[in-house]
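Notes for the structure review
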Amino acid sequence: MKILMLAVNDPAGTGIQFCRAVNRHSGHSCRIATLETRYTHGWEKDLHVPDLNADGLDELGDLLRQSDILHFHMTCDEHVRFGPYLPAEFLQGKAVVHHHHGHHDFRSDPDSFRAKYRRLGRGNLLVSTPDLRKLLPEAYWMPNLVPIDDPLFRPADVKFDGVPLRVAHSPTRKDLKNTDDFTAAVDELARKGIRLDVDLIDDVPNSECLERKRNCHVLFDHMQGYYGVSSLEGLSQGLAVIAGLDEWNRLNIAEFTGAGELPWVVACNRDELADRLSLLEADRGLCAEVGRGSRGFMENHWSDRIVARRLVDFWKRC
């Protein structure tokens, strides 16, 4: 199969990671075309329209004509122009996939998207996290992935004893990542004499972000009920990852992975977060053990090979 992904911007670099995993672990070909760069994080690009010369645009045109599947990310659809091309003119004989990642327009009015897909007869629908299945029940959950064998996603040889507990937090949007709750919990612990070495990673290239994370002991993702790509990065790097997973997400993750136990350290509010941080600070052996479990979980249950196979199987059913 030949698959062309299309996105206004690649959400947290997930699209390019899907392409790389499919190309690495299957006999199929996947490319991604994008229009905008929303953040300065330096995620890898493929066919980024503003950067394409005449030959690149010709290649994009060939892919639009020759691909078996057009896979749209977030709110992008066939009416979004990619340079000189309108995907709507290339739909004949192709399967169309819509893949939602929690964009505000979708979260605020999911019924408008559901009505559009019913009207168009579009049934190949994906969501990136289990919570979005509540907004689009017709969709299939396609977990995001990280390349677990890439050096930046492997555990570092980090010392646990005799050093402050280093805790990473990398909010793309602080209002959505419980950053205020995190800093308040850290301040509360400091008043009790428990001092943490916090690395608040903000607006840096993705490679620097990953390197700084893997040199920490703990990662705080957020407490929105679901998990972010940051969680997957931290788990792959062998960190103790804290997130506020609700029961719905835990059940869906357990079903997908087949794992009897999930590796996240669950904290659903500020008090629980302070308690978990205090526990990991006091018991470094426990912290290291949780991190080893994180890495093992990704290797055995959530590798890029496993997710790429799941995506290919979905495409085959389209």
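A brief structural summary. Predicted, not measured: the structure shown is a model, and the values here were computed from it.

1. Considering empty space enclosed by the protein
The gaps of empty space that remain are located by a probe, the size of a water molecule, rolled over the atoms. Counted under the stated rule, the structure contains two cavities of 30 Å³ or more. A volume near 70 Å³ is recorded for the largest cavity. Taken together, 11 residues line the largest cavity, and the ones lying closest to its centre are Ala12, Gln17, Val146, Val229 and Glu233. Looking at the lining of the largest cavity, the elements with two or more residues in it are α1 (14–25) and α7 (229–236). Estimated volume of the second largest cavity: approximately 30 Å³. A per-class count over the lining of the second largest cavity returns two nonpolar, three polar and two charged.

2. So, the packing of aromatic side chains
Enumeration over the complete set of coordinates arrives at 12 aromatic pairs. Pairing Tyr227 with Trp264 gives two aromatic rings, centres 6.0 Å apart and planes at 45°, and the pair type is tilted. Of the two residues, Tyr227 sits in the loop between β10 (218–220) and α7 while Trp264 sits in the loop between α8 (247–257) and β12 (265–266), which places them 37 residues apart along the sequence. Exposure class is identical for Tyr227 and Trp264. Each is buried. Arranged with centres 5.5 Å apart and planes meeting at 80°, the rings of Tyr227 and Trp302 form a pair that is edge-to-face. With a gap of 75 residues between them, Tyr227 in the loop between β10 and α7 and Trp302 in the loop between α10 (284–301) and α11 (304–317) connect regions that are remote in the sequence.

Reading the values: the criteria
Residues numbered from 1 in each chain as written. Predicted model: local features only at pLDDT ≥ 70, side-chain atom pairs only at ≥ 80, totals over all residues. Heavy atoms only, no water. 1 Å grid on protein atoms, 1.4 Å probe; cavity = no way out; pocket = protein on both sides within 12 Å on 5 of 7 lines; lining within 4 Å. Points joined across faces, edges and corners; volume = space filled by probe spheres on them. Helix = DSSP H or I, 4+ residues; strand = E, 2+ residues; numbered from the N terminus. Nonpolar A, V, L, I, M, F, W, Y, C, P; charged D, E, K, R; others polar. Phe/Tyr/Trp six-rings, centres within 6.5 Å; stacked < 30°, edge-to-face > 60°. Buried < 20%, exposed > 50% of the residue type's maximum accessible area, 1.4 Å probe, protein only.

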